[in-house]
Amino acid sequence: MSTAGPGQDGTSHLRQVLGAAAVSAGLRLRRPTAAGALSQEEAAATAAAWGILPDDDRGPRAGGGTVVVLVDGLGLENLRARKGHAPTLRSWLSGAEADAGAPGPEARTCLPSTTAAALSTLGTGALPGTTGMVGYSVLSPLAARERLAGRRPCREDQLSLISWEGHGLDPRAWQDVPTVFERLERDPGRPRRTDGQSAPLAVTIGPARFAGSGLTLAGLRGAAHRGADRMEDRPGLAVRALAQGVPLVYLYVGELDHAGHAHGWRSAQWLTQLERLDAVLSELVRRVPRGTRVLLTADHGMVDTDADHRVDLSADPVLARDVVAVAGEPRFTHLHVTAAAPAVAAETAARWRERLGDRALWVGTRDEAHTLLGPLSERAHSVVGDVVVAMAGSWVLVDPRVHSPEAIAMPGVHGSLTAQETTIPLLVTRA
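Reading guide: rules and limits
Residues numbered from 1 in each chain as written. Predicted model: local features only at pLDDT ≥ 70, side-chain atom pairs only at ≥ 80, totals over all residues. Heavy atoms only, no water. Buried < 20%, exposed > 50% of the residue type's maximum accessible area, 1.4 Å probe, protein only. Helix = DSSP H or I, 4+ residues; strand = E, 2+ residues; numbered from the N terminus. Pairing = 2+ DSSP bridges. Axes fitted to C-alpha atoms, helices over the stretch in contact; angles between N-to-C directions. Contact = heavy atoms within 4.5 Å. Parallel < 35°, antiparallel > 145°, perpendicular 65-115°, else oblique. Nonpolar A, V, L, I, M, F, W, Y, C, P; charged D, E, K, R; others polar. Polar contact = N/O pair within 3.5 Å; in protein donor to acceptor, adjacent residues only side chain to side chain. Phe/Tyr/Trp six-rings, centres within 6.5 Å; stacked < 30°, edge-to-face > 60°. Lys NZ or Arg CZ within 6 Å of the ring centre and 35° of its normal. Expected span 1.5 Å × (residues − 1). Arc of directions from axis to C-beta. 1 Å grid on protein atoms, 1.4 Å probe; cavity = no way out; pocket = protein on both sides within 12 Å on 5 of 7 lines; lining within 4 Å. Points joined across faces, edges and corners; volume = space filled by probe spheres on them.

Q: Let's hear about the pairing of strand β16 (residues 387-391): which residues, and what values?
A: Most of β16 sits inside the fold, with five of its five residues counted as buried. Neither face of β16 is left uncovered, since the one carrying V387, V389 and M391 and the one carrying V388 and A390 both have all their residues buried. Pairing of strand β14 (residues 332-337) with β16 involves four bridges; the strand directions are antiparallel. Bridge pairing in β16 links H334 to V388. As defined by bridge partners, strand β15 (residues 360-365) adjoins β16 across five bridges and the pair is classed as antiparallel. Its bridge partner lying in β16, V363 is registered against V389.

Q: Give me the sheet that holds β16: which residues, what numbers.
A: Reading across the sheet, the four strands line up as β13-β14-β16-β15 and stay open at both edges, with antiparallel pairing between neighbours. Only two strands of the sheet have a single neighbouring strand rather than two, namely β13 (323-329) and β15. When the angles between neighbouring strand axes are averaged without regard to direction, this sheet yields 15 degrees. Each of β13, β14, β15 and β16 is contacted by helix α14 (residues 342-356), which is oriented at about 170 degrees to β15, the strand it contacts most.

Q: Explain the packing of helix α4 (residues 87-98) against helix α12 (residues 268-287) to me, and be specific about the residues and the numbers.
A: Running from N to C, α4 and α12 point in directions that differ by 70 degrees, and their axes come no closer than 7 Å. The angle between the axes of α4 and α12 places the two elements in the roughly perpendicular class. Contact with α4, carried on its side by P87, T88, L89 and W92, involves L274, L277, D278, L281, S282 and V285 of α12 and no other residues of that element. Its residues assigned to classes, the contact of α4 with α12 shows seven nonpolar, two polar and one charged.

Q: Please give an account of the environment of H261 that cites residues and values.
A: Its place among the elements puts H261 in helix α11 (residues 255-263). Taking C-alpha positions, H261 is 16 Å from L397, a pair spaced 136 residues apart along the chain. Setting aside residues up to four positions removed in sequence, H261 forms contacts with M302, M410, P411, G412, V413 and H414. A polar side-chain atom of H261 sits 2.8 Å from the main-chain carbonyl oxygen of G412. Engagement of the side chain of H261 in a polar contact is seen with the side chain of H414, the distance being 3.1 Å.

Q: Give me helix α10 (residues 234-243): which residues, what numbers.
A: Counted residue by residue, α10 has eight buried out of ten residues, so it is predominantly covered. If you check which residues of α10 are buried, you get R234, P235, G236, L237, A238, V239, A241 and L242. Close packing links the buried residues of α10 with β2 (66-71), β7 (202-206), β8 (224-227), β9 (248-253), α11 and α12. Residue G245 follows α10 closely and has a positive phi angle near 95 degrees.

Q: Kindly report on the packing of aromatic side chains, identifying the contributing residues and their values.
A: All chains considered together, the criterion is met by three aromatic pairs. Summarising the aromatic geometry, the rings of W265 and W270 are spaced 5.8 Å apart at their centres and angled 75 degrees between planes, so their arrangement reads as edge-to-face. Each member of the pair W265 and W270 is classed as buried. One cation-aromatic arrangement involves R359 over W395; the distance from NZ or CZ to the ring centre is 5.6 Å.

Q: Explain α14 to me, using residue names and the numbers behind them.
A: With 15 residues, α14 extends 21 Å between its outermost C-alpha atoms, agreeing within 8% with the 21 Å of an ideal straight helix rising 1.5 Å per residue. Within α14, the full set of buried residues consists of A345, T348, A349, R351, W352 and L356. All buried residues of α14 project into a common sector of 170 degrees when viewed along the axis, lining one side. Across from the buried face of α14, at angles greater than 90 degrees, the exposed residues are A343 and E354. Phi for G357, located one or two positions after α14, is positive at around 55 degrees.

Q: Describe the environment of E185, with residues and values.
A: The residue E185 is located in strand β6 (residues 184-186) in this model. The exposure class assigned to E185 is partly exposed, which follows from its relative accessible area of 28%. Linking E185 and R152, residues 33 residues apart in sequence, is a C-alpha distance of 49 Å. Sequence-distant contacts of E185, that is, excluding residues within four places in its chain, are made with L27, R28, R30 and L201.

Q: Which residues make up the layout of surface pockets, and what are the values?
A: Regions of empty space are outlined by a rolling probe, equal in size to a water molecule, passed over the atoms. In this structure, the largest pocket occupies an estimated 1,100 Å³ of space. Lining the largest pocket are 40 residues, and of these T115, Y136, S160, I162 and S163 lie nearest its centre. At the level of secondary structure, the elements contributing two or more residues to the lining of the largest pocket comprise α5 (115-124), β5 (158-160), β7, α9 (214-219), β9, α11 and β13. Taken together, the residues of the lining of the largest pocket sort by class into 16 nonpolar, 18 polar and six charged.

The analysis is restricted to geometry; functional conclusions fall outside its scope.
Put into structure tokens, the structure is as follows:
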């Protein structure tokens, strides 16, 4: 079983993307207040290594401005397998592979390889061990451990880090690491607009419902949101923002991930969304001001699973023993055990390793989880499972007492340590 950290080598490139893009757009980051968050020095060094400094002489820089496109669920292996359906992305990919000085095309997300964790890592420049955003869900901080003793796992004990519903917690207070957007300031050495217009330093573009959503407030707060529910309407909003003098634009695309979860990434429905995405990217590059940089990446890739690769915790007494709460997701699960005693956690982890065998890539205790999540902050330490389980291949771990029938039947999944889930594209082009 693997013991490697983010990206298998301890590196999460996703942590560096938004800060490097900010530097590329002529902005700076104020000093971080949280240990482990991306610094201005790291962001500038990354931008230099990726060849996207504002004064980089490898290409024209007439227009200024940088657009970060985050495609939910577009793993690099998924893209390479279906690049024949995406001529724009195929050309960007070929260019990155041919140019030894270009960034990417291969990058690594954080662990777990799931949206709540990854978008918060992108947004804060800090790993999940710092932010506490350690999965799709966590054990509710309001759930007293003594109340869980002797109980069976149930859905009501979970706090969803996507919706944040049902527990009365403020996402901004719970995830209190300042975001990159909150730390932005103009670089005093860069020219400013002289036409008297004032524009925000950054905007986010995505579905209208994302404005003020729980995940936005937790991991991506601090930028003005401009809503467009149709993927095809988002390039126009990006073009308008750049024309108004906004230097940094973040554009989110979630349709591919939705299709993958509902139908699997090998499905015709997934291909339809990939083709739509490719057309949108072509339009974006055609319409943005000359010199604009477009940086495309993703939060995770995806694997397909089926009923023959489900392990039902509730149906296996060996696995269920001592487990009082379950959180995370079927590919990356947090188990909370009776009394939270270290000896019980260690015994449970050993028993799970033996029982799952090669169906799991990693099984360890909270004290070992920093090798995956990064050093654990006080917040993360309070919600990471006593035992953490990352599944191998296309295996998933489900519990009908906790997971909905729809979640259990989902054909497209992610969250674990496989290359297909953790390897993401990093593609840069100039208009």
